[in-house]
Amino acid sequence: MTSVRRAKITALGTYVPPRVLSNFDLEKMVDTTNEWILERTGIRERHLVDKGVAASDLAVEAAKICLANRGIDAKEVECIIVGTVTPDMMYPSTACLVQHKLGIPNTWGFDISAGCSGFLFSLTTGAKFIESGQYKKVLVIGADVNSSMIDYKDRATCIIFGDGAGAVLLEPTEDGEQVGIIDHVHQVEGVGGQYLYMPGGGSLHPTSKETVEQNMHVVHQDGQNVFKYAVKKMSEMTVKVLSRNHLTGSDVDCFIAHQANRRIIVATAERLKMPMDKVIINIEKYGNTTAGTIPLAMQTALDEGKLKKGNNVLLAAVGAGFTSGATLLKWAY
Ligand code: UT7
């Protein structure tokens, strides 16, 4: 009997830089309070890099832990996909820098720019290479240094973001093995670009004295519009991927959503009628690390004993673009 070849996650590694910025630290920087941030977002603290540390550095640390957890040498990796919107530089891609830093002699790789959906888009792309039989070991990384493009005078934006990274290894399922990535739904809606963007430094507004003076090299966010879209879309995408696989929220053992705001995750879980003990929330410790949140939350789920072999896991994300997605998988180890 031949069975469908799926991609399964066989190892995970995560990394956040050691420096912590608490809500109390932010109280000294902008007109805000610990109570407001906690109540409106669920965040207590976030980790930030020191000067000179870039997205590829966080990606490499997470990748090394992932590969060590799998017990394989980096040389075995055939493809590296990095989800990031804070690459070290415009080019070369972060994937090239990671390849070089890990010393992998013979691999392919590229970056995916999808905002907070960056990890999910990268995971799906990696899974397709495994399902097609092209590769047997794909490293999928989500890494962002948000602090490099945040205006620490904009109190409505600076409070939610942090820096961090996570990496997973994708490998093919064995014959008859009933685990791995089952299905996914994704969407982009460019009409949302106006609500969350970083305008300066690209080909439309190349860096100049004017772009710096006009504060165009920082994240601009209309929080309320992003929030409303995120609540609507995260529910829509999760319901879609579950229903077309004849499942409901009660069939899900573990819900791991992008961590942008506690209220977005809770609203989605309520819509899916999912008890909160199946919902992973670690935003308190890390804030919104963009492409880093889902692997960081997977690590929290593992640490809390909430991810076991064969579990039905639902992943979901909404981000700048707008981009969105939901992925259904059975945990493999
Ligand atoms: O990762 C994907 C992308 N990002 C997101 O998903 C973020 C989605 N949006 C959000 O999470 C929320 O919109 C924020 C946390 C960013 C903001 O929370 P909010 O409840 O939507 O606040 P708001 O922007 O509607 O502002 C409400 C009030 C305003 O005061 P007035 O005009 O009512 O007097 C703001 O000036 O809260 C004020 N405010 C603050 N007050 C204290 C905004 N930021 C702060 C702050 N501290 N840090």
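Residues numbered from 1 in each chain as written. Predicted model: local features only at pLDDT ≥ 70, side-chain atom pairs only at ≥ 80, totals over all residues. Heavy atoms only, no water.

Trainee: Could you give an account of the site of the ligand, naming the residues involved and the relevant values?
Mentor: Taken together, the neighbourhood of the ligand is formed by 23 residues, with Thr 32, Cys 116, Gln 224, Asn 261 and Asn 288 sitting nearest. Between the ligand and Gln 221 there is a distance of 3.0 Å, counted from a nitrogen atom to a side-chain nitrogen or oxygen. One of the side-chain nitrogen or oxygen atoms of Asn 288 is found 2.7 Å away from an oxygen atom of the ligand. Compared with its free state, where it exposes 940 Å², the ligand has 73% of that area covered by protein. More than half of the atoms of the ligand fall within 2 Å of the grid points belonging to the second largest pocket. (Near = heavy atom within 4 Å. Polar contact = N/O pair within 3.5 Å; in protein donor to acceptor, adjacent residues only side chain to side chain. Areas by Shrake-Rupley, 256 points an atom, 1.4 Å probe, with all protein chains shown as cover. 1 Å grid on protein atoms, 1.4 Å probe; cavity = no way out; pocket = protein on both sides within 12 Å on 5 of 7 lines; lining within 4 Å. Sits in = over half its atoms within 2 Å of the grid points.)

Trainee: So what about helix 11 (residues 293–303)? Which residues, and what values?
Mentor: A large share of helix 11 lies buried, amounting to 8 of its 11 residues. If you check which residues of helix 11 are buried, you get Thr 293, Ile 294, Pro 295, Leu 296, Ala 297, Met 298, Thr 300 and Ala 301. In the segment just after helix 11, Gly 305 is the residue with positive phi, at about 70°. (Buried < 20%, exposed > 50% of the residue type's maximum accessible area, 1.4 Å probe, protein only. Helix = DSSP H or I, 4+ residues; strand = E, 2+ residues; numbered from the N terminus.)

Trainee: Tell me about the pairing of strand 11 (residues 254–257), residues and numbers included.
Mentor: The two faces of strand 11 match: Cys 254 and Ile 256 on one face and Phe 255 and Ala 257 on the other face are all buried. As defined by bridge partners, strand 11 adjoins strand 13 (residues 312–319) across 4 bridges and the pair is classed as parallel. Residue pairing for strand 13: Ala 257 is matched across the bridge by Ala 316. Pairing geometry for strand 11 and strand 12 (residues 279–280), over 2 bridges, is parallel. Paired with Ile 256 across the bridge in strand 12 is Ile 280. The handedness of the strand 11 to strand 12 crossover, carried by helix 9 (residues 262–271), is right-handed. (Pairing = 2+ DSSP bridges. Right-handed = clockwise from strand over helix to strand, strands pointing away.)

Trainee: Could you give an account of the packing of aromatic side chains, with specific residues and numbers?
Mentor: Any pair of aromatic rings gets described here by the distance separating the centres and the angle formed by the planes. Applying the stated rule across the entire model yields 7 aromatic pairs. Ring plane angle 80° and centroid distance 5.4 Å describe the contact between Trp 108 and Phe 129, whose orientation is recorded as edge-to-face. Here Phe 129 lies in helix 5 (residues 118–131) and Trp 108 lies in strand 5 (residues 108–112), a separation of 21 residues in the sequence. A relative accessible area of 18% places Phe 129 in the buried class. Look at Phe 110 and Phe 129: their rings are 6.4 Å apart centre to centre, the planes differ by 65°, and that puts the pair in the edge-to-face class. Remark: Phe 129 occurs in helix 5 and Phe 110 occurs in strand 5; sequence separation between them is 19 residues. Three or more aromatic residues joined by ring pairs make a cluster, and in this case those are Trp 108, Phe 110, Phe 129 and Tyr 135. (Phe/Tyr/Trp six-rings, centres within 6.5 Å; stacked < 30°, edge-to-face > 60°.)

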